[in-house]
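Listed below, chain by chain, are the residues.
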Amino acid sequence: MNDTDVVLVEVADRIATVTLNRPEARNALSSEVLRRLPQVFREVEADDEVDVVILTGADPAFCAGLDLKELGSTGDNLRAGDADGGATPGPFGRRGPIPPMTKPVIGAINGAAITGGFELALACDFLVASEHARFADTHARVGVQPGWGLTVLLPEAVGVRRAREMSATGNFLTAKGALTWGLVNHVVPHHELLPFCRDIAHDIVHNDQDGVRQIYATYAEGTAGTTADAWDVEARHARAWRERGIGPEEVEARRQAIIERGRTQL
């Protein structure tokens, strides 16, 4: 890992921490970042030593969106987003700056997440926010159309009326407001953000990884259709899982592990 890299990767304890590393530009999405970020995610997806990914930014911001200086001069970052990774087709037609992943991706939102940076946050499976985090959709202010799933993922997170308000006004939502609206799962003191996310990641690592990834695949397919479709998707995946078969000894071993873990969490 080189500190001059625009995207840093650190792997420890089966957790990959991916950090946007352009703090002087508030981690704005340059063409270099948009080429490198999908590559990094493909690498950690393929790495058998990684079960969970944490995505964050180098302080003070999470991501200020597309680099407007580059957008206003060459526009290369807009084309990079459309080509190699920014708008890569995902499962069931979804597109986003993160390629399709079978491993959970936790967004550790350490500061402002704006427009394309907000879409990057929404592409994570769930979010933990520092008290310094802020969120804004300023596409309408800039005059750029969302293309990374904002009009799908934001209503899923906060409801369509609140999503419309954010997009129409371009106003900022604080970390506390994001928690109230259901956009983020937790808000923690800034210095506790990464340790808190790593604790959650450790909880995931200690589960059966085939089970985690199968459940995530079920979520992904189910949310791509109607509620009725989602029931059918879950039923189909459950049948396939049962048909694979798990021996009674393995079930008992897992049950005992769950009991022991529950005792430590009480």
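Thresholds applied
Residues numbered from 1 in each chain as written. Predicted model: local features only at pLDDT ≥ 70, side-chain atom pairs only at ≥ 80, totals over all residues. Heavy atoms only, no water. Helix = DSSP H or I, 4+ residues; strand = E, 2+ residues; numbered from the N terminus. Contact = heavy atoms within 4.5 Å. Salt bridge = Lys/Arg side-chain N within 4 Å of Asp/Glu carboxyl O. Buried < 20%, exposed > 50% of the residue type's maximum accessible area, 1.4 Å probe, protein only. Pairing = 2+ DSSP bridges. pLDDT = per-residue confidence, 0-100.

A.B. asks: Help me understand the overall build of the protein, please; the structure alone is not making it clear to me.
C.D. replies: When helices and strands are counted, the protein shows twelve helices and eleven strands. Put simply, 68% of the contacts in the protein that link residues at least 6 apart link residues at least 24 apart.

A.B. asks: Just to check I follow, could you spell out the pattern of salt bridges for this structure?
C.D. replies: Two side chains with opposite charge may pair up if their charged atoms get near one another. Under the definition given, this model contains six salt bridges. Between Asp 51 and Arg 213 there is a salt bridge, with its nearest N and O atoms 3.0 Å apart. Here Arg 213 lies in helix H10 (residues 209-222) and Asp 51 lies in the loop between helix H1 (31-46) and strand S3 (52-57), a separation of 162 residues in the sequence. Taking relative accessible area as the criterion, Arg 213 reaches 24% and is therefore assigned partly exposed. When salt bridges with common partners are traced through the structure, they connect Arg 14, Glu 49, Asp 51 and Arg 213 into a single cluster.

A.B. asks: Help me out: how do you make sense of the sheet that holds strand S7 (residues 112-114) in this one?
C.D. replies: The strands that make up a sheet pair up through hydrogen bonds in the backbone, lying either parallel or antiparallel. The strand order across the open sheet built from three strands is S7-S9-S10, with neighbouring strands paired in mixed fashion. The sheet is open, and its two borders are formed by S7 and strand S10 (173-174), each paired with just one other strand. In terms of strand pairing, strand S9 (residues 134-136) meets S10 through two bridges, oriented antiparallel. Considered in S10, the bridge of Arg 134 is made with Thr 174.

A.B. asks: Explain the confidence of the model for the protein to me, please; I cannot follow it from the model alone.
C.D. replies: Parts of the prediction with low pLDDT should not have their coordinates interpreted in detail. Averaged over all residues, the pLDDT of the protein equals 85, while 80% of them reach at least 70. Below pLDDT 50 for its whole length, residues 82-94 participates in 38 contacts with residues either more than four positions away or in separate chains.

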